[in-house]
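# An overview of the molecular structure
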Amino acid sequence: KCAHLRLVCQAEQKPYYTSKLWWCGIILLGLGEVGNFTAYGFAPITLVAPLGCVSVIGSAFISVFFLKKTMRTADILGGTLTITGIYLLVTFAPNVPQELTARQVQNYLVSWPFLVYSILEIIIFCILLYFYKRKAVKHIVVLLMMVALLASLTVIAVKAVSSMIALSVEGKMQLTYSVFYIMSILMATSCAFQIKFLNQAVHLYEATAVVPINFVFFTTSAIFSGVIFYREFQNAALLSVFMFLFGCLLSSLGVIIIARNKKEEHLQIPFIDCGHIPGQKLTGKIQPDSHSSCYGTLNKEDDSLKRQS
């Protein structure tokens, strides 16, 4: 964002990919996603997915220094609620063994809870896709619901792939199993379609609406997938489950408060002067006088040419 704003202010317009600052941001974004991918191999899905709210509060505070935005009371309140929620998430996260082998993934794939869950998910996704394609319903809830349904498959595949790679690095080879490549294909495919629908939502709606709704839907779907596929809350105490869900609620509320009523900044692109278009000369008035009697009518010469034709 900062790179785009700087390029627009320059007299000579250059492509964004020529900016060193833009490439620095892309590299940092890539490193963050690598860290996020690695975290799924060492922690439960139900913990890693809600902690994505850290990026929301981080961007809200960092934008004060880079984009010169003013810190609002809502940002401080939302950040406080989110940090409180993060503390509860980390404290009451499910304590499950993190060593996930390829054989365990195979067993989870054919378990009846996941089969029922996947069938229901496919039915709901097909219904939403029907309204999206056939009825041209592009409501923000429809788009982000499809993103969330795909995200539940993504986090399942990401955790499986990340865990098997981690075990292989430790010397317990898991990459020879076919389930590793099946989950890798599932991860790449679901990510690609997520980007498609999420890009559509960002194109049609303000980011201030897309960010909190997408976070709530994504977190909910990730928790469901972790509970059903990896059975992460199987032996958890009732109090731990309640406090964990309360932490998720506080984090979601904090993200909504931070994003609520935040105005979108549009890049100020200068207009093009018609008299300076290459190869064109300004020979007359572009717009006639609105108080003239001939305003909105054809010239006599144009009218006579029309009758002759």
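Residues numbered from 1 in each chain as written. Predicted model: local features only at pLDDT ≥ 70, side-chain atom pairs only at ≥ 80, totals over all residues. Heavy atoms only, no water.

Note the cut-off: UniProt positions are given in the numbering used here, feature names are shortened, and annotations may be inferred rather than shown by experiment.
If you check an unreviewed UniProt entry, the chain appears there as NPAL2 protein from Sylvietta virens. As recorded by UniProt, the Subcellular location (unreviewed entry) comment attached to the chain reads in full: "Membrane". As recorded by UniProt, the Sequence similarities (unreviewed entry) comment attached to the chain reads in full: "Belongs to the NIPA family."

### Points about the nonpolar core
Side chains that are nonpolar tend, in soluble globular proteins, to be buried together. Cut-off, in case you're wondering: Note on terminology: a nonpolar core comprises buried Ala, Val, Leu, Ile, Met, Phe, Trp, Tyr and Cys residues joined through side-chain atoms within 4.5 Å. To sort residues, take the accessible area from a 1.4 Å probe on protein chains only and compare it with the maximum for the residue type: under 20% means buried, over 50% means exposed, and anything in between is partly exposed. A helix here means a DSSP run of H or I that spans at least four residues, while a strand means a run of E at least two residues long, and both kinds are numbered starting from the N terminus. The contact definition used throughout considers only heavy atoms, calling two residues in contact when any of these lie within 4.5 Å.
In this structure, Tyr40, Met183, Tyr230 and Phe244 are the most contacted members of the largest nonpolar core, which totals 32 residues. Elements supplying a minimum of two residues to this core: helix H3 (45-48), helix H6 (102-109), helix H7 (112-133), helix H8 (140-169), helix H9 (178-204), helix H10 (207-229) and helix H11 (238-259). Each residue touching Tyr40, except ones within four places of it in the same chain, is listed here: Ile45, Val48, Ala49, Val155, Val158, Lys159, Ser162, Ser163 and Phe218. In this structure, Tyr132, Ile140, Leu144 and Leu149 belong to the second largest nonpolar core, which totals 14 residues.

### Comments concerning the side chain of Thr46
Worth spelling out the cut-off: Here a polar contact is recorded for every N or O atom pair within 3.5 Å, except that within protein the pair must consist of a potential hydrogen donor and a potential acceptor, and residues adjacent in sequence are included only if both atoms are side-chain atoms.
Counting through the fold element by element, Thr46 comes out in helix H3. A distance of 2.8 Å separates polar atoms of two side chains, one belonging to Thr46 and the other to Glu232. If we ignore the near neighbours within four places in the chain, the residues touching Thr46 are Pro94, Ile223, Gly226, Val227, Glu232, Phe233 and Phe244.

### As for the packing of aromatic side chains
As a reminder, the rule being used: Only centres within 6.5 Å qualify two rings of Phe, Tyr or Trp (six-membered ring in Trp) as a pair; their planes then separate them into stacked at under 30 degrees, edge-to-face at over 60, and tilted for everything else.
Per the stated rule, a full pass over the model turns up ten aromatic pairs. Seen from their ring centres, Phe114 and Phe229 are 4.8 Å apart, and the 80° between their planes marks the pair as edge-to-face. Of this pair, Phe114 sits in helix H7 while Phe229 sits in helix H10, placing them 115 residues apart in sequence. Each member of the pair, Phe114 together with Phe229, is buried. Counting every residue linked through ring pairs, the aromatic cluster contains Tyr108, Phe114, Phe229 and Tyr230.

### Looking at the UniProt feature "transmembrane region" (unreviewed entry) in the chain
Per the UniProt entry, the sites bearing "transmembrane region" (unreviewed entry) are residues 21-42, 48-67, 74-94, 114-132, 139-158, 178-198, 210-230 and 236-259 in this numbering. Helix and strand shares over residues 178-198 are 100% and 0% respectively, and the end C-alpha atoms of the span are 30 Å apart. Secondary structure within residues 210-230 divides into 95% helix and 0% strand; the distance between the first and last C-alpha atoms comes to 29 Å.

### Notes on H8
Along an α-helix, residues three or four positions apart point the same way, because every turn accommodates 3.6 residues. Stated precisely, the cut-off is as follows: Each helix should span, by expectation, one fewer than its residue count multiplied by 1.5 Å.
Compared with the 44 Å implied by 1.5 Å per residue over 30 residues, the 42 Å span of H8 between its first and last C-alpha is a close match. Counting buried positions along H8 yields 25 of 30 residues, so the element is predominantly enclosed. Just downstream of H8 lies Gly171, where phi reads positive at about 110°.

### Looking at the environment of Leu198
By the secondary structure assignment, Leu198 is in helix H9. Under the relative-accessibility criterion, Leu198 is labelled partly exposed at 27%. Between the C-alpha atoms of Leu198 and Ile140, which are 58 residues apart in sequence, the distance is 9.5 Å.

### Focus: the pattern of salt bridges
Note the threshold: What makes a salt bridge here is a side-chain nitrogen of Lys or Arg within 4 Å of a carboxyl oxygen of Asp or Glu, nothing more.
All chains considered together, the criterion is met by one salt bridge. Measuring nitrogen to oxygen at the nearest pair gives 3.0 Å for the salt bridge that ties Asp75 to Arg72.

### Remarks on the state of the cysteines
Note: disulfide means a covalent bond formed between the sulfur atoms of two cysteine side chains. Going by this rule: Here, a disulfide means two cysteine sulfur atoms that sit within 2.5 Å of each other.
A complete count under the given rule lists zero disulfides for this structure. In this structure Cys53 is not part of a disulfide, and its nearest cysteine sulfur, from Cys248, lies 8.8 Å away.

### Some remarks on the side chain of Ser162
In this fold, Ser162 is placed in helix H8. You can call Ser162 buried: its relative accessible area is 5%. Beyond its immediate chain neighbours, meaning those up to four positions away, Ser162 contacts Phe37, Thr38, Tyr40 and Gly41.

### Observations concerning a nonpolar patch on the surface
Stated formally: Only residues whose relative accessible area exceeds 30% and that form no salt bridge are eligible for patches; like-charged ones are grouped when within 9 Å, while nonpolar side chains (Val, Leu, Ile, Met, Phe, Trp, Tyr) are grouped when within 5 Å. To measure how exposed things are, a 1.4 Å probe is used in the Shrake-Rupley method; for residues, cover is taken only from the protein chains shown.
There is a patch of nonpolar side chains on the surface, built from Tyr16, Tyr17, Trp23, Ile26 and Leu29 and spanning about 530 Å² of accessible area. Its place among the elements puts Trp23 in helix H2 (residues 20-40). Of the residues examined, Trp23 reaches a relative accessible area of 43% and is grouped as partly exposed.

### Overview of the packing of helix H4 (residues 53-66) against helix H5 (residues 73-91)
We apply this condition: Angles run from 0 to 180 degrees between N-to-C directions of axes, and those axes are lines fitted to C-alpha atoms, restricted for helices to the stretch in contact. Note on angle classes: values under 35 degrees are labelled roughly parallel, values over 145 roughly antiparallel, values of 65 to 115 roughly perpendicular, and the remainder oblique. Handedness of a helix crossing follows the sense of rotation of the near helix relative to the far helix, less than a right angle counterclockwise being left-handed and clockwise being right-handed. Three residue categories are used. Nonpolar comprises Ala, Val, Leu, Ile, Met, Phe, Trp, Tyr, Cys and Pro, charged comprises Asp, Glu, Lys and Arg, and polar comprises the others, including Gly.
Between H4 and H5, whose axes approach to 10 Å, the crossing angle comes to 150°. Relative to H5, the element H4 is oriented roughly antiparallel. Considering how the two elements wind past one another, H4 and H5 form a crossing that is left-handed. Contacts from Cys53, Val54, Ile57 and Phe61 in H4 reach Asp75, Gly79, Thr82, Ile83 and Ile86 in H5. In terms of residue class, the contact of H4 with H5 is made up of six nonpolar, two polar and one charged.

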